[in-house]
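# Architecture at a glance
As a plain string of letters, each chain reads:
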There are 4 protein chains.
Amino acid sequence: MASKTPVGFIGLGNMGNPMAKNLVKHGYPVVAFDIFPEACKEFQDSGAQVMDSPADVAERADRIITMLPSSPNAVEVYTGANGILKKVKKGSLLIDSSTIDPTVSKELAKAVEKMGAVFMDAPVSGGVGAARAGNLTFMVGGVEQEFDAAKELLTCMGSNVIYCGEVGTGQAAKICNNMLLAISMIGTAEAMNLGIRLGLDPKLLAKILNMSSGRCWSSDTYNPVPGVMEGVPSANNFQGGFGTTLMAKDLGLAQITATNTKTPVPLGSLAHQIYRMMCAKGYALKDFSAVFQFLREEENL
Amino acid sequence: MASKTPVGFIGLGNMGNPMAKNLVKHGYPVVAFDIFPEACKEFQDSGAQVMDSPADVAERADRIITMLPSSPNAVEVYTGANGILKKVKKGSLLIDSSTIDPTVSKELAKAVEKMGAVFMDAPVSGGVGAARAGNLTFMVGGVEQEFDAAKELLTCMGSNVIYCGEVGTGQAAKICNNMLLAISMIGTAEAMNLGIRLGLDPKLLAKILNMSSGRCWSSDTYNPVPGVMEGVPSANNFQGGFGTTLMAKDLGLAQITATNTKTPVPLGSLAHQIYRMMCAKGYALKDFSAVFQFLREEENL
Amino acid sequence: MASKTPVGFIGLGNMGNPMAKNLVKHGYPVVAFDIFPEACKEFQDSGAQVMDSPADVAERADRIITMLPSSPNAVEVYTGANGILKKVKKGSLLIDSSTIDPTVSKELAKAVEKMGAVFMDAPVSGGVGAARAGNLTFMVGGVEQEFDAAKELLTCMGSNVIYCGEVGTGQAAKICNNMLLAISMIGTAEAMNLGIRLGLDPKLLAKILNMSSGRCWSSDTYNPVPGVMEGVPSANNFQGGFGTTLMAKDLGLAQITATNTKTPVPLGSLAHQIYRMMCAKGYALKDFSAVFQFLREEENL
Amino acid sequence: MASKTPVGFIGLGNMGNPMAKNLVKHGYPVVAFDIFPEACKEFQDSGAQVMDSPADVAERADRIITMLPSSPNAVEVYTGANGILKKVKKGSLLIDSSTIDPTVSKELAKAVEKMGAVFMDAPVSGGVGAARAGNLTFMVGGVEQEFDAAKELLTCMGSNVIYCGEVGTGQAAKICNNMLLAISMIGTAEAMNLGIRLGLDPKLLAKILNMSSGRCWSSDTYNPVPGVMEGVPSANNFQGGFGTTLMAKDLGLAQITATNTKTPVPLGSLAHQIYRMMCAKGYALKDFSAVFQFLREEENL
């Protein structure tokens, strides 16, 4: 274990922090950076080393994982004035676990390649709980020969590491899954609400859907109707889980990639609009299954 | 078996015909009616008895199953000039397996009750194949005390017979399931199409969705992308299966019940419109998973 | 004036009351009915005669106007136990100004015709203000030969009386207009909101739209953005005008007729859902242009 | 006239060619560039001067107009290896009449400003006919002091030149107008189609809408129903006019700006999807009013 070379980690937010700590647990010396000093301090206190910039991380580590909130942040961390590319070593492996526009992933990959290094996109599925437990799913895009090297690190943080294809396909897989998830969650909320108003017992209706062709993850694993299941956000006033504002962000990415590739996504597009309206109506921080509550409210004249 | 009293069966179409034959197989003497003479003749040739009208069926049998294409047909068969109610016996059990507006089911139930008989709605899930194999699912609404009597007959034709609640809730369960099915099918088609255009292999994408939160019956059991699965309509040029025009009809029912109960169903509503447009674009008789094909077509300038 | 024969009027609500009073002003002796005693009393105090039932109105008057809130009310008033048809005289002219499903209008027409009388549908455009001022628009469906007789009465209450075709086409015209109105109002709200967020001055943007191809009644006559125009609901906190709940009702009728005629109306359908959601979010009694406010709310995390 | 200094013009397509010729007609010596040699040749034959690159144009002219098909083209023409900025003179006025993402306009403006020059966005409303006739509408964004200088040139090509505000607001105004146009066109097509199926005469229905609250430019000036108006694309098999593919492009821009500003645009979003589907169904080159035809097709089983 002593022989392990340092791994860089940039972005110590809600997700990045527990991910980086899992690398430490697996014996990797981690050199980290975050723009928020508090995030750095907390991480330093846990025994890791903190750098002053992404460039400094790149100087110390030839394998770096980045976990950032949006495309512009990723661009800045890689290509900014003190970005990774200022001091990246030839042959370095740079893995971006942010969820961003796959077009941006491809641009970053080109810039990284010019410096003689390798870029892979590896967005995650699973929330903060999975990040802590180390059982995230990684969807990985990039040159296939480098996949094993990436997998060595990613398996410290996740239980599923899937190779998806060339750079950008990790993002693509994530975006497609979340678009379908958003659609089937809203569909489940609509169907449950309609059934209840037509006189059906919610638990019975969920049971019927789950043994029929309407079955989906949102109906059988994450049912949005309070009282139908235990241990899901709908059982806890829609707290925790995957925030509506994050779902709206992912649907925005789906919309942009669909627009750019001229792909019709009518339901994905409307799902985006519904989550956008929910954000404006006070649901931004509630779990995305709160769409049931949003659609359920009764008319009171 | 000789002691079994006759069972009436009205509506010998694609679904009704094999359903009635399963009753015969289980030893029930069936007295049947259909407005199309050919349908009657075929059934008669198989040894069953055919009547001249619904009223005549009601005169001979005190348990009757009806399987009709739409609300107006059901109203006519029950309350028309030669309808069941003209000659229904007190205490008869009338089971309607048509998929119709639950409001109409309730009206029929009232009319039947006035004659001293019992009405239950029991629409089915499963297509012609399931009707032949006798493994349909019945969703049953009506007075609970009569459920066992209904179940005796329905188990001859189906493997699942579910009690849903008062009259109309069978229809409600069916409509809610099919609305969610339509939504998740279109969502699956959109997600698969977007992923393919972003460079993902369709089989790999399906695998990823099916182990993630986008998983649904449409992605894991009835995938709409040719080449992903065997034995589904998408593997056979979208022939067979559940026709787009039938899905459009069920979505129309969902829309009407949602409008009447002031329930917002934005995705259900858009799904209805999409299947309506598909019907007008030549997809009426293709399986409803052909929405993948509908959305996939490339722009050619 | 003394020679004018009595005119029946059934339905003395917000719209019916001022309409009936305009008939009185034009010298017609009015015999009226409403199910709410208060509505009758107020009308009686103004000097008119009030009957005990629609049937009694039909006994006294051979020209009757009905103005009712929904299809079931209209069915009851015409065909109920004490309905018009119980005592209607041969040759009577029955004009229904309610906004209802054109299919129901046609059914009423058939029932009226069987009694040897004439039915016309004549829904109105214009709100309570126009009803008081006597400048409503009537869209009339029915036998063309009877149009002049209907027009004689309707011109007392409206400034435009348009013959639309056979029975039900008056409803059809009204429904189509209001569906387009709802769509262009939401569209105007979206465009104005987007423009404002992109840095445009609302008055300037309205001016540009109104001289360009985006121009519509909602942008140039009833602009939904507070501060752009005077004398419209948006200038008065969206009070008065045409209530969101009424627009939702009309869109429900449009949806039902579209479903029944298998007509794709994707935007009309989504507009219906949006107004339905607004009703559930506290906008039911606000003017329908409040959709600007509904869509405008900012996200606050 | 002899004293007029040269004006640069980059982009000699369907729109740019007649626009540049109008500058010539007004006595401006034009120095032009297009990446397609044929476009250059045709223009040269008409007596104008053609350069080898945008940079060369910038060397010869200190007022330049660009008219390009999309954002990447504009970025290339301004900031590419042989782009305008390579040789732009201090104090030059660069006017971009392309329809592009306002965010890109702002980025170009910053890059231009760094070179000591001035950038304005000035997208046009009106098609090829208006470009030839010189009566386009220009919506102009940029520093207000420079507006008069821009107007001097733009009035040679358009009859309306409107100052909208800071850089990007010209694009914003254009995008908002076209989004509302798309919505009201589809709405008009839906309402006309529904009315026709309900038995209304199309001309009569158009007349009723146009005197009522459903009135819009699409109903009264550019009606999409064949036979209702003369001299519009619907009277000529939807040839000419504003192509569906161009409308889809503008709606894509609206979608992207709405996504970026977190603005809900549910109808704009669905309109985008509908035009996208139309492109895939063979309507790409038809006028955008062909949505009537797209929605009208009958179901044939």
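What you see is a predicted model, and the numbers here were worked out from it, not measured in a lab. (Residues numbered from 1 in each chain as written. Chains lettered and ligands numbered in written order. Predicted model: local features only at pLDDT ≥ 70, side-chain atom pairs only at ≥ 80, totals over all residues. Heavy atoms only, no water.)

Counting secondary structure elements, chain A contains 14 helices and nine strands. Against the compact-globule benchmark of 19 Å for 301 residues, chain A has a radius of gyration of 21 Å, which places it among compact chains. C-alpha extents for chain A along the principal axes are approximately 65 × 45 × 35 Å. Contacts spanning at least 24 positions in sequence make up 63% of the contacts within chain A whose residues lie at least 6 apart. Accessible surface, chain A: about 10,700 Å² in total, of which carbon and sulfur atoms supply 52%. For chain A, the distance from the average site of its 26 positive side-chain charges to the average site of its 28 negative ones is 1 Å. (Helix = DSSP H or I, 4+ residues; strand = E, 2+ residues; numbered from the N terminus. Rg over C-alpha atoms; globule rule 2.2 N^0.38 Å. Contact = heavy atoms within 4.5 Å. Areas by Shrake-Rupley, 256 points an atom, 1.4 Å probe, with all protein chains shown as cover. Lys, Arg positive; Asp, Glu negative; His and termini not counted. Charge placed at Lys NZ, Arg CZ, Asp CG, Glu CD.)

A few words on the environment of D:E76. All names here are of chain D. In this structure, E76 sits in helix 4 (residues 71-79). Each C-alpha atom of the pair E76 and F43 lies 22 Å from the other, and the pair is 33 residues apart in sequence. Those residues within four positions of E76 in sequence are excluded, and the remaining contacts are A81 and G83.

All names here are of chain C. For helix 9 (residues 169-197), spanning 29 residues, the distance from its first C-alpha to its last is 42 Å, which sits close to the expected 42 Å at 1.5 Å a residue. Among the 29 residues in helix 9, 28 count as buried, and that is most of the element. After helix 9 finishes, the residue G199 shows a positive phi value of roughly 100 degrees. (Expected span 1.5 Å × (residues − 1). Buried < 20%, exposed > 50% of the residue type's maximum accessible area, 1.4 Å probe, protein only.)

Throughout the structure, instances matching the rule amount to 28 aromatic pairs over all chains. A centroid spacing of 5.5 Å and a plane angle of 70 degrees characterise the contact between A:Y78 and A:F119, whose relative ring orientation is edge-to-face. One end of the pair, A:Y78, is in helix 4 (residues 71-79); the other, A:F119, is in strand 6 (residues 118-121), and 41 residues separate them in sequence. Ring plane angle 45 degrees and centroid distance 6.4 Å describe the contact between B:Y275 and B:F288, whose orientation is recorded as tilted. Taken together, the residues B:Y275 in helix 13 (residues 266-283) and B:F288 in the loop between helix 13 and helix 14 (291-296) connect sequence positions 13 residues apart. Exposure class is identical for B:Y275 and B:F288. Each is buried. Members of the aromatic cluster, connected to one another through ring pairs, are A:W217, A:Y222, A:F242, A:Y275 and A:F288. Seen from the ring of D:F294, B:K281 lies directly overhead, with NZ or CZ sitting 4.4 Å from the centre. (Phe/Tyr/Trp six-rings, centres within 6.5 Å; stacked < 30°, edge-to-face > 60°. Lys NZ or Arg CZ within 6 Å of the ring centre and 35° of its normal.)

What follows concerns the state of the cysteines. Evaluation of the coordinates by the stated rule reveals zero disulfides over all chains. Left unpaired, B:C216 is separated from the closest cysteine sulfur, that of A:C216, by 6.4 Å. (Disulfide = S-S within 2.5 Å.)

For the pair chain C and chain B, the relating rotation is 180 degrees, the translation along its axis is 0.0 Å, and the fit reaches an RMSD of 0.1 Å. The transformation just described matches what one would write down for a two-fold rotation axis. A share of 100% of interface residues in chain C that are also interface residues in chain B marks the association as one of identical surfaces. (Least-squares fit on C-alpha atoms with pLDDT ≥ 70 in both.)

Bringing the pairing of strand 5 (residues 93-96) of chain B into the picture now. All names here are of chain B. Residues L93 and I95 point to one face of strand 5 and L94 and D96 to the other, with burial holding for every one of them. As judged from the four bridges shared by strand 5 and strand 6 (residues 118-121), these two strands associate in the parallel manner. Bridging from a neighbouring strand, D96 pairs with D121 of strand 6. Since strand 5 and strand 6 lie parallel, the crossover through helix 6 (residues 102-114) that links them has a hand, and here it is right-handed. (Pairing = 2+ DSSP bridges. Right-handed = clockwise from strand over helix to strand, strands pointing away.)

Interfaces are often sized by the amount of accessible area the parts lose when they come together. Chain C puts 15 residues into the contact, and the matching count from chain B is 15 residues. Of the roughly 1,300 Å² buried where chain C meets chain B, counting both sides, 65% is carbon and sulfur surface. Contact with chain B buries area across many residues of chain C, yet C:T259, C:Q273 and C:R276 alone supply 37% of it, more than any other trio. Summed over the shared surface of chain C and chain B, the result is zero salt bridges. Summed over the shared surface of chain C and chain B, the number is three residue pairs in polar contact (both at pLDDT 80 or more). Counting only elements with at least two residues in the side of chain C that touches chain B, the list comes to helix 12 (244-260) and helix 13 (266-283) of chain C. At six residues, helix 13 of chain C tops the list of elements feeding residues into the side of chain C that touches chain B. Within the side of chain C that touches chain B, the residues separate by chemical class into five nonpolar, eight polar and two charged. (Buried area = accessible area lost by both parts, 1.4 Å probe. Salt bridge = Lys/Arg side-chain N within 4 Å of Asp/Glu carboxyl O. Polar contact = N/O pair within 3.5 Å; in protein donor to acceptor, adjacent residues only side chain to side chain. Nonpolar A, V, L, I, M, F, W, Y, C, P; charged D, E, K, R; others polar.)

Another aspect to go through is helix 11 (residues 244-260) of chain D. Residues and elements named next belong to chain D. When the terminal C-alpha atoms of helix 11 are compared, their 24 Å separation across 17 residues agrees well with the 24 Å that a helix rising 1.5 Å per residue should span. In terms of burial, helix 11 is a largely internal element, 14 of the 17 residues being buried. Following helix 11 by one or two positions, K262 adopts a phi angle in the positive range, close to 55 degrees.

What follows is about the relation of the copies chain D and chain C. Note on the copies: chain D fits chain C at an RMSD of 0.0 Å, the axial shift is 0.0 Å, and the rotation between them is 180 degrees. Mapped onto chain C, 100% of the interface residues of chain D are again interface residues, and the two copies thus contact each other with one and the same surface.

So, about the interface of chain D and chain C. Between chain D and chain C, the contact holds 57 residues from the first and 57 residues from the second. A combined buried area of about 5,200 Å² lies between chain D and chain C, and 69% of that area is made up of carbon and sulfur atoms. There are two salt bridges connecting chain D and chain C. When the shortest N-O distance is used, the salt bridge between C:R215 and D:D220 registers 3.1 Å. Viewed at the interface, chain C and chain D are joined by 18 residue pairs in polar contact (both at pLDDT 80 or more). Broken down by element, the residue count for the side of chain D that touches chain C peaks at 20 residues, all from helix 8 (residues 169-197) of chain D.

Let's shift gears to the domain arrangement of chain A. Residues and elements named next belong to chain A. Domain boundaries assigned for chain A yield domain 1 (7-166) and domain 2 (172-296). Between domain 1 and domain 2, the C-alpha centre-to-centre distance is 29 Å. Each partner contributes to the interface: domain 1 provides 10 residues, whereas domain 2 provides nine residues. A buried area of about 770 Å², summed over both sides, lies between domain 1 and domain 2, and 64% of it is on carbon and sulfur atoms. (Domains from an automatic or database assignment.)

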